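Coordinate inspection notes
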Amino acid sequence: MLVTMCVINIGQKQRADTNQYYVCLFERTFFNGITVNCMYESYYGLNSKPFQLTPDPEFFFASKWHKRAMSYLQYGLSQAEGFIVITGGIGTGKTTVANSLLEEIEDDIAAAQIVTPKLSPDELVKMVASKFDIPTEGRSKADILKALEIFLYDLNKAGRRALLLVDEAQNLPLETIEELRMLSNFQLNGKPLIQSFLLGQEELQPILRAPNMEQFRQRIVASCHLAPLSLEECKEYIEYRLHHAGWNGSQLFSEEAFERIHMFSRGIPRKINTLMDRVMLYGFLEELENFDADAVNEVIEEVKAEMFEPDKTGAEVTEHMGFADHPESQTIMTPKGNVIRDTKYYLDMLAELVDALDDAISQKVKMTQYVDKLMKKKFKTYVRLKGDDKKDQ
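Residues numbered from 1 in each chain as written. Predicted model: local features only at pLDDT ≥ 70, side-chain atom pairs only at ≥ 80, totals over all residues. Heavy atoms only, no water.

This part takes up unusual backbone geometry. With phi around 60 degrees, Ala80 is a residue other than glycine that occupies positive phi space. Position of Ala80 among the secondary structure elements: in the loop between helix H2 (64–79) and strand E5 (83–88). Positioned with a positive phi, Glu287 is a non-glycine residue whose angle comes to about 55 degrees. Examined against the element boundaries, Glu287 turns out to sit in the loop between helix H11 (269–286) and helix H12 (293–306). Among the residues examined, Glu287 registers a relative accessible area of 43% and is labelled partly exposed. (Helix = DSSP H or I, 4+ residues; strand = E, 2+ residues; numbered from the N terminus. Buried < 20%, exposed > 50% of the residue type's maximum accessible area, 1.4 Å probe, protein only.)

This is the structure:
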């Protein structure tokens, strides 16, 4: 691919005359001893990079599905027991949700996050222990488990508990997931001393449905699947990240440009970030004040070739099949053989039911958090009064 360098001449940006543009291989160019920023952030008045690939809780955008996932995680925390399972496709924001939860966790929870390759049960135990700063070198599995148990009991005595977030959980073999369940058997007075949340791709779902995973399934208190963003959410996502990065101007993208971005990315946040980063760089090199569909299409063609994208995106294939325009024409057969023809009506009903359940869960989480804080406050008052009584004696 042909790469065009940015040439800075006393504040005046010039570029070679070529139809191919893309990656700026450096952040600063030195000209006559002057250091000049060469990235698009300065050109658009941004104070940070809005579309980086690394998950950042500061840029967390709460779509409908991400709100639900966060509510389930918070609900699980308030229950202090059981497993929460969050699944989603590659790049849908599972790690971002986990990082956002970790940002909100209070001091009474000792949290550890692991990203799992294909670990054996013994390797998992070692990794969990090391995440809680428990030495594992030269120790047997039994010794590590004993040390972990002592650590968890000590946490409990200090009024704290442990939380383990397992990312990329679809990589874990069945016996390793079963080891996670066994760790939840560390209990005191009927309450687990460690709680685990699992985040993974869609492949995690059939693993958990396996017949020999029944005991694990019975301990799942909630699960949620992160779906891609809708067109409207995609637009809100882009605008949210731009404004969070310091954009204060008028709307940068036309409605048609948003549609092209959503169609190409299929609403997957990571793909949106990858495309948008290149779109913004293209705008900087072409000195664009705003973006129309043609500008976005030009970037898409370049990115598609570099990322080995198929000629037709999933959205385009769906449109070609006619389902996007006429979902009510589809029929669904239930597992018991019943045929449902008016699918749009039932899908709308299901959507309303899901929204109502989301609201109910959100309210329950808020109430539980309120009661939890009230109990902690009363406990601190009780401890203080007991201390005053001892002093008086």
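Our next topic: the nonpolar core. Most often, soluble globular proteins keep nonpolar side chains buried together rather than apart. Grouped together as the largest cluster of nonpolar side chains are 35 residues, with contacts concentrated most on Phe132 and Leu180. At the level of elements, E5, strand E6 (109–115), helix H4 (121–131), helix H5 (141–157), strand E7 (161–167), helix H6 (174–183), strand E10 (194–200) and helix H7 (204–208) are the ones that each hand at least two residues to this core. The biggest single contributor to this core is H5, with five residues. Setting aside its immediate chain neighbours within four residues, Leu180 contacts Phe83, Leu124, Leu164, Val166, Leu172, Ser196 and Leu198. Counting 34 residues, the second largest nonpolar core, distinct from the first, contains Phe264, Leu275, Met280 and Val299. (Core = buried A, V, L, I, M, F, W, Y, C linked by side-chain atoms within 4.5 Å. Contact = heavy atoms within 4.5 Å.)

Bringing the confidence of the model for the protein chain into the picture now. On average, residues of the protein chain carry a pLDDT of 76, and 73% of them reach 70 or more. Under a pLDDT of 50 for its full length, residues 1–38 has, in the predicted model, 78 contacts with residues more than four places off or in other chains. Segment residues 312–329 is flagged for pLDDT under 50; beyond a separation of four residues in sequence, or across chains, it makes 19 contacts in the model. (pLDDT = per-residue confidence, 0-100.)

In a beta sheet, neighbouring strands are held together by backbone hydrogen bonds and run either parallel or antiparallel to one another. Reading across from one edge, E6-E7-E10-E5-E11 is the order of the five strands in this open sheet, with parallel pairing throughout. The open sheet has two edge strands with one neighbour each: E6 and strand E11 (220–226). On average, each strand axis in the sheet is tilted by 15 degrees relative to the strand beside it, whichever way the strands run. Pairing analysis gives seven bridges linking E6 to E7, with the strands arranged parallel. Counted as the bridge partner of Ala111 is Leu163 from E7. (Pairing = 2+ DSSP bridges. Axes fitted to C-alpha atoms, helices over the stretch in contact; angles between N-to-C directions.)

Moving on, we get to a negative patch on the surface. Together, Glu256, Glu259, Asp292, Asp294 and Glu298 make up a negatively charged patch on the protein surface. Of all the secondary-structure elements, those providing two or more residues to the negative patch are helix H10 (255–265) and H12. (Patch = residues over 30% accessible without salt bridge, like charges linked within 9 Å, V, L, I, M, F, W, Y side chains within 5 Å. Areas by Shrake-Rupley, 256 points an atom, 1.4 Å probe, with all protein chains shown as cover. Salt bridge = Lys/Arg side-chain N within 4 Å of Asp/Glu carboxyl O. Lys, Arg positive; Asp, Glu negative; His and termini not counted. Charge placed at Lys NZ, Arg CZ, Asp CG, Glu CD.)

Time to look at the pattern of salt bridges. Counted under the stated rule, the structure contains seven salt bridges. In this structure, Lys141 engages Asp122 in a salt bridge whose closest nitrogen and oxygen atoms are separated by 3.3 Å. Linking Lys141 in helix H5 with Asp122 in helix H4, this pair joins segments that are 19 residues apart in sequence. The class of Lys141 is partly exposed, set by a relative accessible area of 29%. Ionic contacts of the salt-bridge type, sharing partners, join the residues Asp122, Lys141 and Glu179 into one network.

With respect to the helices, strands and loops of the structure, Gly267 is situated in the loop between H10 and H11. Owing to a relative accessible area of 0%, Gly267 belongs among the buried residues under this scheme. Put simply, Gly267 and Pro228 are 39 residues apart on the chain and 4.7 Å apart in space, counted from C-alpha to C-alpha. In this view, Gly267 contacts Pro228, Leu229, His262 and Ile272; residues no more than four positions away in its chain are not counted.

With that settled, the discussion passes to the packing of aromatic side chains. By the definition in use, this model includes eight aromatic pairs. On the basis of an interplanar angle of 40 degrees and a centroid distance of 5.2 Å, the ring pair of Phe132 and Phe151 is categorised as tilted. Here Phe132 is found in the loop between H4 and H5, whereas its partner Phe151 is found in helix H5, with 19 residues between them in sequence. When its relative accessible area of 7% is taken as the criterion, Phe132 is described as buried. (Phe/Tyr/Trp six-rings, centres within 6.5 Å; stacked < 30°, edge-to-face > 60°.)

Moving on, we come to H2. Counted at 1.5 Å a residue, the expected span for H2 with its 16 residues is 22 Å, and the 23 Å between its end C-alpha atoms agrees. Within the span of H2, buried status applies to His66, Arg68, Ala69, Met70, Ser71, Tyr72, Leu73, Gln74, Tyr75, Gly76 and Leu77. After H2 finishes, the residue Ala80 shows a positive phi value of roughly 60 degrees. (Expected span 1.5 Å × (residues − 1).)

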